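Tertiary structure, described
Given next are the chains, with one letter for each unit.
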Amino acid sequence: MNLERLPNEEKLSLCRKYYLGGFALLPFLWLVNVVWFFKEAFVKPPFTEQTQIKTYVKRSGLGLFCWVTILTTWITIYQHFRAQWGEVGDYLSFTIPLGTP
Amino acid sequence: MNASDSDEELYNERSALVPSENPEVPSYRPDPDHSPTEDSDSKTTGFSRRTRPGGGSEREAEPEEEEEEELPLKYGAKHVIMLFIPVTLCMVVVVATIKSVGFYSEKTTQQLIYTPFTEDTPDVGRRLLNSVLNTVIMISVIVVMTILLVVLYKYRCYKFIHGWLILSSLMLLFWFSFMYLGEVFKTYNVAMDYVTVAVLIWNFGAVGMVCIHWKGPLALQQAYLIFISALMALVFIKYLPPWSAWVILAAISVYDLVAVLSPKGPLRMLVETAQERNEPIFPALIYSSAMMWTVTMANPADDQPSETDEEAELSGRRAEPQRRQPGPILEDELEEERGVKLGLGDFIFYSVLVGKAAATGGDWNTTLACFVAILIGLCLTLLLLAIFKKALPALPISITFGLIFYFSTDFLVQPFMDNLVNHQFYI
């Protein structure tokens, strides 16, 4: 799928769909949105739909940033306190490392 | 764990090497009386044009006969490279996983239901017989699934096929990657909680489904296709019994040859029907490396990878030559290069071969030998594709070379090298 080929309305629609899709707990979709449409939104010379694409890209970026902070915080908490939580820690764990820490 | 039925069609339709759709590229020469018969040559002239960008001003003087002198090869080195890279990446992923994650090269007592005969017998003859029987069952399952798919396609049961493909890619993207992630974490002794894993797998799978079955950046789609081929290959490497795997590889390359080249072969019918109806073959089955080139006076050649719909292209392009002024010739010229498409089954079986060489072969010699053999085979296949210009099976040549190299390296070269090193004899 080459963005160059698409008319601007379709680019906008694609960007919007990716933006809306990201709300289904899909920060990766927001990441793809930001990377893919970055050139369209910020580098290309202005065209009609560019302002809207820009807002979508910015909001996707914001959402992505929020998710990254939330995930990093949770992972840090989990890794640090897992051993201390005892049973709850094991219950939450998908893989438990072997050996003594 | 038994792999489910929905895996089957993943690889049976995917063993084909197809030239991408072959539209008439409109001539971009300014001469209005340029005959349409030379349109098919305009693609090949694209190569030579790009190699002499400075010669633009003399182009007006270029006689038209030069086009006929161009080689009738439709694909060149660029296309070979465009396929080498994904095939290499797939094999690298598989070999890296095999070498690091022990799970995929552990012996397992479980077998797929498609290979019911066990290979645990001490008798060589019995073992050989069992592997041949396993192969027969596996190949017949593949044949049946292929024919089923072609029949469904012919009778336009698109919904059913789409549903089938979606189900199988769902399983690959979610379940198999979940297992893979689990095994990687266990290997590196990393603690991971369900929450993070759920988020990771959900994101990976959902974006994969969107990219493969709907619209997404080409690079990401290619990456996902490579990854799911690698996953599938790993499943095969784990669950196929050793001797059966080699016999199956040999048998499936013969089947591929038959299915694509014989007039009533199912794969050939699939490709022909798709071409008749001017539809692309389902994206979940084929890896496409299409590219588009644009040459203008001001900017140097700017290539962007694209998966194109040729018909919409052409109607836009045909308008181009007419509205161009008879000024400098290189202004606003558009050239199109069609990429090559390779079925995902080819990726899978190449990776199975190299992966098994890495898992059970001696050491890196064998693995590298198989890798080189497969790439040579792919090169030759692309050469044949450029000459014959129709869908060709990509498995036979590569797998044959791969098998020859594997067995000869494992049984001849390896002991030879070891002996030389033992006796400190350098040649």
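The model shown is predicted, which means the values in this text are computed figures rather than measured ones.

In this section: the UniProt feature "transmembrane region" (unreviewed entry) in chain A. Residue and element names in this part refer to chain A. If you check UniProt for "transmembrane region" (unreviewed entry), the listed places come out as residues 20-39 and 60-81 in our numbering. Annotated as residues 20-39, this span is 75% helix and 0% strand, and its ends, taken at the C-alpha atoms, are 20 Å apart. Taken end to end, residues 60-81 comprises 100% helix and 0% strand; its first and last C-alpha atoms sit 31 Å apart.

Across the boundary between the two partners, chain A contributes 29 residues, which contact 35 residues of chain B. When chain A packs against chain B, the two sides together hide about 2700 Å² of surface, and 65% of this comes from carbon and sulfur. At the junction of chain A with chain B, the criterion picks out zero salt bridges. Our count for the chain A to chain B interface comes out at six residue pairs in polar contact (both at pLDDT 80 or more). Contributions of two or more residues to the side of chain A that touches chain B are made by helix H1 (8-21), helix H2 (27-43), helix H3 (50-81), helix H4 (87-92) and strand S1 (93-95) of chain A. Tallied by class, residues from the side of chain A that touches chain B come to 21 nonpolar, four polar and four charged. As judged from the two bridges shared by S1 of chain A and strand S2 (residues 192-193) of chain B, these two strands associate in the antiparallel manner. Across the sheet, residue serine 93 of chain A finds its bridge partner in S2 of chain B, namely aspartate 193 of chain B.

Topologically, tryptophan 74 of chain A is positioned in helix H3. Ignoring sequence-local partners within four residues, the contact set of tryptophan 74 of chain A consists of Trp85 and Leu92 of chain A together with Asp193, Val195 and Thr196 of chain B.

All names here are of chain B. For helix H5 (residues 124-154), which comprises 31 residues, the first-to-last C-alpha distance of 45 Å matches the rise-based estimate of 45 Å (1.5 Å per residue) to within 8%. With a side-chain oxygen lying 3.4 Å from the backbone nitrogen of glycine 125, the N-terminal cap of H5 falls on aspartate 123. Arginine 156, located one to two residues past H5, shows a positive phi value of around 60°.

With that settled, consider a nonpolar patch on the surface. All names here are of chain B. Taken together, the side chains of Phe407, Phe411, Leu412, Val413, Phe416, Met417, Phe425 and Ile427 make up a nonpolar region of the molecular surface, amounting to roughly 850 Å² of accessible area. Structurally, phenylalanine 407 is set in helix H14 (residues 395-422). Relative accessible area serves as the criterion here: at 33%, phenylalanine 407 is assigned to the partly exposed category.

A few words on unusual backbone geometry. Residue and element names in this part refer to chain B. Even without being a glycine, asparagine 189 presents a positive backbone phi close to 55°. Take asparagine 189: it is sitting in the loop between helix H6 (158-187) and S2. Its relative accessible area of 35% is what places asparagine 189 among the partly exposed residues. Phi angles above zero are rare outside glycine, and asparagine 278 is one such case at about 55°. The topology assignment puts asparagine 278 in the loop between helix H10 (266-276) and strand S3 (286-288).

Residue and element names in this part refer to chain B. Throughout the structure, instances matching the rule amount to 22 aromatic pairs over all chains. Plain terms: the ring middles of tyrosine 406 and phenylalanine 407 are 5.0 Å apart, the flat faces sit at 75° to each other, and that makes the pair edge-to-face. A centroid spacing of 6.2 Å and a plane angle of 5° characterise the contact between phenylalanine 407 and phenylalanine 411, whose relative ring orientation is stacked. Placement of both phenylalanine 407 and phenylalanine 411 in helix H14 is noted, with a separation of four residues, approximately one turn of the helix. When its relative accessible area of 56% is taken as the criterion, phenylalanine 411 is described as exposed. An aromatic cluster of three or more residues is present, and its members are Phe103, Tyr104, Tyr180, Phe204, Tyr224 and Phe227. Cation over ring: arginine 127 sits above tryptophan 243, and NZ or CZ is 4.5 Å from the ring centre. Positioned above the aromatic ring of tyrosine 153, the side-chain terminus of arginine 277 is 4.9 Å from the ring centre.

When two helices pack together, their arrangement is captured by the angle between the axes and the distance separating the axes. All names here are of chain B. Running from N to C, helix H12 (residues 344-360) and H14 point in directions that differ by 5°, and their axes come no closer than 10 Å. Here H12 lies roughly parallel to H14, going by the angle between them. Two secondary-structure elements touch here, H12 through Asp346, Phe349, Tyr350, Leu353, Ala357 and Thr360 and H14 through Leu395, Ser398, Ile399, Gly402, Leu403 and Tyr406. For the contact of H12 with H14, the per-class residue count stands at eight nonpolar, three polar and one charged.

This next bit is on the pattern of salt bridges. Applying the stated rule across the entire model yields six salt bridges over all chains. Notably, a salt bridge pairs glutamate 119 of chain B with arginine 127 of chain B, separated by 3.3 Å at the nearest N-O pair. Glutamate 119 of chain B sits in the buried class, given a relative accessible area of 6%. Between lysine 186 of chain B and glutamate 183 of chain B there is a salt bridge, and its shortest N-O distance comes to 3.6 Å. Within this pair, lysine 186 of chain B and its partner glutamate 183 of chain B are both found in helix H6, separated by three residues, close to a single helical turn. Lysine 186 of chain B gets classed as exposed once you look at its relative accessible area, which sits at 53%. Taking relative accessible area as the criterion, glutamate 183 of chain B reaches 13% and is therefore assigned buried. Connected through shared salt-bridge partners, Glu4, Lys11, Glu40 and Lys44 of chain A make up one network.

Attention shifts here to H10 of chain B. All of the buried residues along H10 of chain B are Pro266, Leu267, Met269, Leu270, Val271, Thr273 and Ala274 of chain B. In the stretch just after H10 of chain B, asparagine 278 of chain B is the one whose phi turns positive, near 55°.

This part covers the packing of helix H8 (residues 218-239) of chain B against H12 of chain B. Residue and element names in this part refer to chain B. The geometry of H8 relative to H12 is characterised by a closest axis approach of 8 Å and an angle of 50° between their N-to-C directions. Relative to H12, the element H8 lies oblique. Judged by the twist between their axes, the crossing of H8 over H12 is right-handed. Here Leu225, Ile228, Ser229, Met232, Ala233, Phe236 and Ile237 of H8 come into contact with H12, specifically with Leu344, Phe347, Ile348, Phe349, Ser351, Val352, Gly355 and Lys356. For the contact of H8 with H12, the class distribution of residues is 11 nonpolar, three polar and one charged.

Analysis parameters
- Residues numbered from 1 in each chain as written.
- Chains lettered and ligands numbered in written order.
- Predicted model: local features only at pLDDT ≥ 70, side-chain atom pairs only at ≥ 80, totals over all residues.
- Heavy atoms only, no water.
- UniProt positions renumbered as here; feature names shortened; annotations may be inferred.
- Helix = DSSP H or I, 4+ residues; strand = E, 2+ residues; numbered from the N terminus.
- Contact = heavy atoms within 4.5 Å.
- Buried area = accessible area lost by both parts, 1.4 Å probe.
- Salt bridge = Lys/Arg side-chain N within 4 Å of Asp/Glu carboxyl O.
- Polar contact = N/O pair within 3.5 Å; in protein donor to acceptor, adjacent residues only side chain to side chain.
- Nonpolar A, V, L, I, M, F, W, Y, C, P; charged D, E, K, R; others polar.
- Pairing = 2+ DSSP bridges.
- Expected span 1.5 Å × (residues − 1).
- Patch = residues over 30% accessible without salt bridge, like charges linked within 9 Å, V, L, I, M, F, W, Y side chains within 5 Å.
- Areas by Shrake-Rupley, 256 points an atom, 1.4 Å probe, with all protein chains shown as cover.
- Buried < 20%, exposed > 50% of the residue type's maximum accessible area, 1.4 Å probe, protein only.
- Phe/Tyr/Trp six-rings, centres within 6.5 Å; stacked < 30°, edge-to-face > 60°.
- Lys NZ or Arg CZ within 6 Å of the ring centre and 35° of its normal.
- Axes fitted to C-alpha atoms, helices over the stretch in contact; angles between N-to-C directions.
- Parallel < 35°, antiparallel > 145°, perpendicular 65-115°, else oblique.
- Left-handed = near helix turned anticlockwise from the far one by under 90°.

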